[in-house]
Amino acid sequence: MNAIGLAFFVGIVALTLFVTYIASKRTNSASEFYTAGGGLTGWQNGIAIAGDYLSAASFLGIAGAIALFGFDGFFYSIGYLVAYLVVLYIVAEPLRNLGKYTLADMITARFDQKKIRAAAAISTLTIVLFYMIAQLVGAGALIQLLLGIDYWIAVLLVGVMMTIYVLWGGMAATSWVQIIKAALLMIGTVLISILVLYKFNFNILGMFTEMKSVTANGEAYLHPGVKYTNGLDTVSMMIALVLGTAGLPHILMRFFTVKDAKTARSSVVYATWIVGIFYVLTIFLGFGAAAFVGSDAIIAANPAGNMAAPLLAQALGGDILMSFVSAVAFATILAVVAGLVLSGASAFAHDLYGQIIKKGKATEKQQMNAARLASVGVSVFSILLALGAQTMNVAFLVSLAFCIAASANLPVIIYTIYWKNFNTTGALSAIITGLVTALVLVALSPNLWAADGSMAFTGEALFPLTNPALVSVPLGFLGGWIGTLLGARADQRKYAEVDVKANIGLK
């Protein structure tokens, strides 16, 4: 088993390192490092976006959540998929037309203020860290199960690999690693889904009927309420998932890797098809794991259910299929964390160092050196945080990152593009209000507090919802509105200029 698994892992690592080596030959400028020189085609960027989006939370976390909690686990699939409509119709084209490398570039196209750029960069780094923790937790559990090594060694291994991709290959290497990984992930998911359907005689209705009796939850397994008994908590989580994608820095950064807004739109269309097909197939992954692995075995392998998909692969196809699926999941994590590291490094090197500290006068070499140092810093800090989050479900951890993105980034993006009276004070207050509110409410929530001592702190949670998006997202928009009322009158000529750029791409 270990020999087979090791062979697949070595193959994945060798392939991705070769891609990184080729890409490093073409990464000689800041533009090539951050955005691959804007040279990706629509289909390439669309597959890469899907690769960025289909993370460990999707493959490992959602499969486990559906296996253990049925319909409640499928909420994640619904939210992640619907989120792409927000990206397609509201964000993709204006963002590509207004931005250059980062989210802060887009905002400062209208408000050229250092404090706004700094706030946007800090928000980006916070989201990146939350998302990174989820990926590293999934990676640690996966490699621990397959190769039998300690969790901390597995996390360290992934951390080193992702840093190598970013340091030497930049966005070009990251993009092609994501394309390869997306193709492998879809192959593995389709294969397992076919095997699950075969076990149910390719009778989908019969599968749903049978699922009523194979779990301890009975018929309730197919209805909401097994895990999320609080309706407001469910609504809050869905708000985070649906709105959060449009504020995720590593997804937004992908729109700068194509030449124009038309190509950015086509990228989202390609990505939506791939992502849509994948999330429909998560039903078969989850149901198959519940029926042919069982909740006891899933929880025994990982309390949060993150190993449901690899265990299902083993039950259906033996050690070879499990090793292949686990190696694909490993490639999934490597690709996503590389994109996250790159977006975090860009926020630091381009926004904080290049535009604020060096006042826009940093040389190409200085920016790239700063980006590489920031990549190492983001990686190290994420690894340290992941070591303490081993027992948390990765899909849930990602939903918190989505909450911060929806609360801090989405309000300022929408106001910047569509509200002519929006001003500098409003932009700053929207980011700060959304970010601080989301972080404070998470710190006061049942995620960290429990009366029985099962969480980080013992005691009653002061905030009842596990995901605070229901409160923090409206407060982010409210903060931007109040800040605008209190601030100076907006520059209408500047808005008119931004409005033209956002819609037709005129530079």
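Above: the structure in question.
A quick note: this is a predicted structure, and the numbers were derived from the prediction, not measured. The residue numbering used here restarts from 1 in each chain and proceeds along that chain's sequence as written. This being a predicted model, a pLDDT of at least 70 is required before a residue's local features are given, and a value of 80 or more before pairs of side-chain atoms are given or counted; all residues contribute to the totals for chains, interfaces and linings. The basis for every side-chain value is the complete set of non-hydrogen atoms in the structure, without hydrogens or water.

Peer 1: Please clarify how unusual backbone geometry should be interpreted in this entry.
Peer 2: Both trends apply: most residues other than glycine have a negative phi, and most peptide bonds are in trans. Phi angles above zero are rare outside glycine, and Asn-201 is one such case at about 60°. Secondary structure elements follow DSSP: runs of H or I no shorter than four residues count as helices, runs of E no shorter than two count as strands, and numbering proceeds from the N terminus. Residue position: Asn-201 is located in the loop between α8 (151-199) and α9 (204-214). For every residue, the accessible area obtained with a 1.4 Å probe (protein chains only) is divided by the maximum for its type, and the residue is called buried under 20%, exposed over 50%, and partly exposed between those limits. What makes Asn-201 exposed here is its relative accessible area of 64%. Even without being a glycine, Phe-202 presents a positive backbone phi close to 55°. Inspection of the secondary structure puts Phe-202 in the loop between α8 and α9.

Peer 1: Just checking my understanding: could you explain the environment of Gly-480 for this structure?
Peer 2: Along the chain, the position of Gly-480 falls in helix α18 (residues 469-486). Judged by its relative accessible area of 0%, Gly-480 falls in the buried class. Distance in space between the C-alpha atoms of Gly-480 and Ser-429 is 5.5 Å, their sequence separation being 51 residues. If we ignore the near neighbours within four places in the chain, the residues touching Gly-480 are Tyr-415, Trp-419, Phe-422, Gly-426, Ser-429 and Ala-430. Residues count as neighbours in contact if any of their non-hydrogen atoms are within 4.5 Å of one another.

Peer 1: What is the right way to look at the packing of aromatic side chains in this model?
Peer 2: Geometry of aromatic contacts follows a simple scheme: Phe, Tyr and Trp rings, the Trp one being its six-membered ring, pair when their centres are within 6.5 Å, and the pair is stacked under 30 degrees between planes, edge-to-face over 60, tilted otherwise. Using the criterion set out here, one finds 16 aromatic pairs in the structure. Geometrically, the ring pair formed by Phe-71 and Phe-75 is edge-to-face, given 5.2 Å between the ring centres and 85° between the ring planes. On the criterion of helical spacing, the pair formed by Phe-71 and Phe-75 is a turn pair, its members being four residues apart in helix α5 (residues 71-98). On the basis of relative accessibility, which here comes to 31%, the residue Phe-71 falls in the partly exposed class. Centroid distance Tyr-131 to Phe-402: 6.1 Å. Interplanar angle 35°. Geometry classified as tilted. Of the two residues, Tyr-131 is situated in helix α7 (residues 114-147) and Phe-402 in helix α16 (residues 394-418); the sequence distance between them amounts to 271 residues. The buried category is assigned to Tyr-131, whose relative accessible area is 1%. What makes Phe-402 buried here is its relative accessible area of 1%. Looking at Lys-227, its charged tip hangs above the ring of Phe-69, at a distance of 4.8 Å from the centre. Charge-over-ring placement is defined geometrically: NZ (Lys) or CZ (Arg) within 6 Å of the ring centre, and within 35 degrees of the ring normal.

Peer 1: For this particular structure, what's the right way to read helix α19 (residues 492-504)?
Peer 2: Owing to its 3.6 residues per turn, the α-helix brings residues three or four apart onto one side. The first and last C-alpha atoms of α19 sit 18 Å apart over 13 residues, in line with the 18 Å expected at 1.5 Å per residue. Of the positions making up α19, those classed as buried are Tyr-495, Val-498 and Ala-502. In an axial view of α19, the angular spread of the buried residues amounts to 65°, which keeps them on one side of the axis. Exposed residues lying more than 90 degrees from the buried face of α19 are Arg-493 and Ile-504. What a helix should span is 1.5 Å times the count of its residues minus one. This arc corresponds to the set of directions leading from the helix axis out to the C-beta atoms.

Peer 1: Honestly, empty space enclosed by the protein in this entry has me stumped. Any pointers?
Peer 2: Residues are called lining when one of their atoms sits within 4 Å of a cavity or pocket point, these points coming from a 1 Å grid over the protein atoms alone, where a cavity is a set in which a 1.4 Å probe fits but cannot get out and a pocket is an open set with protein on both sides within 12 Å along at least five of seven lines. Grid points are joined across faces, edges and corners, and a volume is the space filled by probe spheres set on the points. Going through the model one piece at a time under the given rule, you end up with one cavity of 30 Å³ or more. Put simply, the largest cavity is a space of about 80 Å³. Taken together, 13 residues make up the lining of the largest cavity; nearest its centre are Thr-102, Leu-103, Thr-124, Pro-249 and Ser-343. Broken down by secondary-structure element, the contributors of at least two residues to the lining of the largest cavity are α6 (103-108), α11 (249-252) and α14 (308-357). Broken down by element, the residue count for the lining of the largest cavity peaks at four residues, all from α14. Residue classes follow a fixed rule: Ala, Val, Leu, Ile, Met, Phe, Trp, Tyr, Cys and Pro count as nonpolar, while Asp, Glu, Lys and Arg count as charged, and any other residue, Gly among them, counts as polar. Here the residues of the lining of the largest cavity sort into eight nonpolar, four polar and one charged.

Peer 1: When you look at the packing of helix α3 (residues 42-53) against helix α12 (residues 261-292) in this model, what are you seeing that I'm missing?
Peer 2: Angle between the axes and distance between the axes are the two parameters that describe a pair of packed helices. Fitted lines through C-alpha atoms give the axes, limited to the stretch in contact for helices. The angle between two N-to-C directions lies from 0 to 180 degrees. The interhelical angle for the contact between α3 and α12, taken along N-to-C directions, is 45°, at an axis separation of 7 Å. Between α3 and α12, the interaxial angle falls into the category oblique. You can see that α3 and α12 cross each other, and the crossing is right-handed. On α12, the residues touching Gly-42, Trp-43, Asn-45, Gly-46, Ile-47, Ile-49, Ala-50 and Tyr-53 of α3 are Thr-263, Ser-266, Ser-267, Tyr-270, Ala-271, Ile-274, Val-275 and Tyr-279. Looking at the contact of α3 with α12 residue by residue, the classes come out as 10 nonpolar, six polar and no charged. An angle below 35 degrees is read as roughly parallel, one above 145 as roughly antiparallel, one from 65 to 115 as roughly perpendicular, and any other as oblique. Crossing handedness: left-handed means the near helix sits turned counterclockwise from the far one by under a right angle, and right-handed means the same turn made clockwise.

Peer 1: I tried to follow the pattern of salt bridges on my own but got confused; where do I start?
Peer 2: When their charged atoms lie close together, side chains carrying opposite charge are able to pair. Salt bridges, as used here, are contacts in which a Lys or Arg side-chain nitrogen is within 4 Å of a carboxyl oxygen on Asp or Glu. All chains considered together, the criterion is met by five salt bridges. Measuring nitrogen to oxygen at the nearest pair gives 2.9 Å for the salt bridge that ties Arg-117 to Asp-105. One end of the pair, Arg-117, is in helix α7; the other, Asp-105, is in helix α6, with 12 residues separating them in the sequence. Across the pair, exposure class does not vary: Arg-117 and Asp-105 are buried alike. Residues Lys-501 and Glu-497 are paired through a salt bridge, measuring 3.2 Å at the closest nitrogen-oxygen approach. Highlighted residues: Lys-501 and Glu-497, both in helix α19, separated by four residues, approximately one helical turn.

Peer 1: Explanation requested: the environment of Ala-83 in the structure shown.
Peer 2: As for its position among the elements, Ala-83 is in helix α5. Judged by relative accessible area, Ala-83 falls into the buried class, the value being 0%. If we skip the residues at most four places from it in the chain, Ala-83 touches Tyr-53, Leu-241, Val-242 and Thr-245.

Peer 1: In this structure, what is going on with a nonpolar patch on the surface? I would like to understand it.
Peer 2: Surface patches are drawn from residues lacking salt bridges whose relative accessible area is over 30%; two like charges belong together within 9 Å, two nonpolar side chains (Val, Leu, Ile, Met, Phe, Trp, Tyr) within 5 Å. In these tables, accessible area is a Shrake-Rupley quantity obtained with a 1.4 Å probe, and a residue counts as shielded only by the protein chains included in the view. There is a patch of nonpolar side chains on the surface, built from Trp-152, Ile-153, Leu-156, Val-160, Val-376, Val-380, Phe-381, Leu-384, Leu-385 and Leu-387 and spanning about 860 Å² of accessible area. Tallying contributions element by element places helix α15 (residues 364-386) first for the nonpolar patch, with five residues. Residue position: Trp-152 is located in helix α8.

Peer 1: Sorry, what's going on with the side chain of Asp-351 here?
Peer 2: Along the chain, the position of Asp-351 falls in helix α14. Look at Asp-351 and you get buried, because its relative accessible area is 2%. Not counting residues up to four positions away in its chain, the partners in contact with Asp-351 are Thr-102, Ala-104, Asp-105, Arg-117, Ala-121, Ser-346 and Ile-356.

Peer 1: Sorry if this is basic, but what is going on with α3 here?
Peer 2: The terminal C-alpha atoms of α3, which comprises 12 residues, lie 16 Å apart, in line with the 16 Å expected from a rise of 1.5 Å per residue. Along α3, 11 of the 12 residues are buried, which leaves the element largely enclosed by surrounding structure. Within α3, burial applies to Gly-42, Gln-44, Asn-45, Gly-46, Ile-47, Ala-48, Ile-49, Ala-50, Gly-51, Asp-52 and Tyr-53.

Peer 1: What is the right way to look at the nonpolar core in this model?
Peer 2: Buried together is how nonpolar side chains tend to be arranged in soluble globular proteins. Here, nonpolar core refers to any group of buried Ala, Val, Leu, Ile, Met, Phe, Trp, Tyr and Cys residues whose side-chain atoms link them within 4.5 Å. If you look at the biggest cluster of nonpolar residues, it comprises 167 residues, and the most contacted ones within it are Tyr-53, Phe-59, Tyr-80, Tyr-84, Val-158, Phe-255 and Phe-402. With 24 residues, α14 is the largest single contributor of residues to this core. Sequence-distant contacts of Tyr-53, defined by excluding residues within four places in its chain, comprise Ser-58, Tyr-80, Ala-83, Tyr-84, Tyr-131, Thr-245, Ile-251, Val-275, Tyr-279 and Phe-402.

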